[in-house]
Amino acid sequence: MTVFAASVFDATVIYEGNELFKGQGAAKGWAEKLARELECEIGVEKLGTGWVLTGTVDGVACKWSIVGQRLKRMD
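Quick caveat, the model's predicted, so the values are computed rather than measured. (Residues numbered from 1 in each chain as written. Predicted model: local features only at pLDDT ≥ 70, side-chain atom pairs only at ≥ 80, totals over all residues. Heavy atoms only, no water.)

A few points about the overall build of the chain
Worth spelling out the cut-off: A run of H or I in DSSP becomes a helix once it reaches four residues, and a run of E becomes a strand once it reaches two; helices and strands are each numbered from the N terminus. Values of the radius of gyration come from C-alpha atoms, whereas the globule rule sets the reference at 2.2 Å times the count of residues to the power 0.38. For every residue, the accessible area (1.4 Å probe, protein chains only) is compared with the maximum for its type, and the residue is labelled buried under 20%, exposed over 50%, or partly exposed between those bounds. In these tables, accessible area is a Shrake-Rupley quantity obtained with a 1.4 Å probe, and a residue counts as shielded only by the protein chains included in the view. Counted as positive: Lys and Arg. Counted as negative: Asp and Glu. His and the chain ends are not counted at all. Here the site of a charge means atom NZ of a Lys, CZ of an Arg, CG of an Asp or CD of a Glu.
A count of helical and extended segments in the chain gives one helix and six strands. Going from N to C terminus, the chain has its helices and strands arranged as β-β-α-β-β-β-β. For the chain, the C-alpha radius of gyration of 11 Å lies close to 11 Å, the compact-globule estimate for 75 residues. Principal-axis analysis of the C-alpha atoms places the extent of the chain at approximately 30 × 25 × 20 Å. Every one of the 75 residues in the chain was classed for burial, and the buried ones make up 29%. Element-wise, carbon and sulfur atoms account for 49% of the exposed surface of the chain, whose accessible area totals about 4500 Å². Distance between charge centroids for the chain: 6 Å, based on 9 positive and 10 negative side chains.

And the structure:
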């Protein structure tokens, strides 16, 4: 199963209309899963009151948040 189909049940916060990971630890856990899925480096970054996943995919800088208990690119 792809990580994008897996449910995100970790605590979240809403910041500027985006649902973000509440804790850095949860974000790091999902960053590791996403890195394995996409076969590239994925990190975490503080954004307002929460945490997002960050990385570069095919030369494009990307950020991921949560939408409907699923990971989704923010752009």
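Notes on the environment of W51
We apply this condition: Two residues qualify as a contact provided that any one of their heavy atoms is within 4.5 Å of a heavy atom in the partner residue.
By the secondary structure assignment, W51 is in strand 4 (residues 50–57). Linking W51 and D10, residues 41 residues apart in sequence, is a C-alpha distance of 12 Å. Look past the residues within four positions of W51 in its chain and what remains in contact with it is L20, F21, K22, G23, Q24, A27, V44, E45 and K46.

A word on helix 1 (residues 24–38)
How we decide: By this rule the span expected of a helix is its residue count minus one, scaled by 1.5 Å. Starting at the helix axis, one direction is taken to each C-beta atom, and the arc is that of these directions.
Between its first and last C-alpha, helix 1 extends 20 Å over 15 residues, near the 21 Å set by a 1.5 Å rise per residue. Regarding helix 1, the residues found buried are A27, W30, A31, L34 and A35. Seen from one end, helix 1 has its buried residues packed into an arc of 150°, which puts them on one side. Those residues of helix 1 that are exposed and aimed more than 90 degrees away from the buried face are G25, E32 and R36. Contacts from the buried residues of helix 1 go to strand 2 (18–21), strand 3 (42–47), strand 4, strand 5 (60–67) and strand 6 (70–73). A positive backbone phi angle near 55° is found at E39, which sits one or two residues after helix 1.

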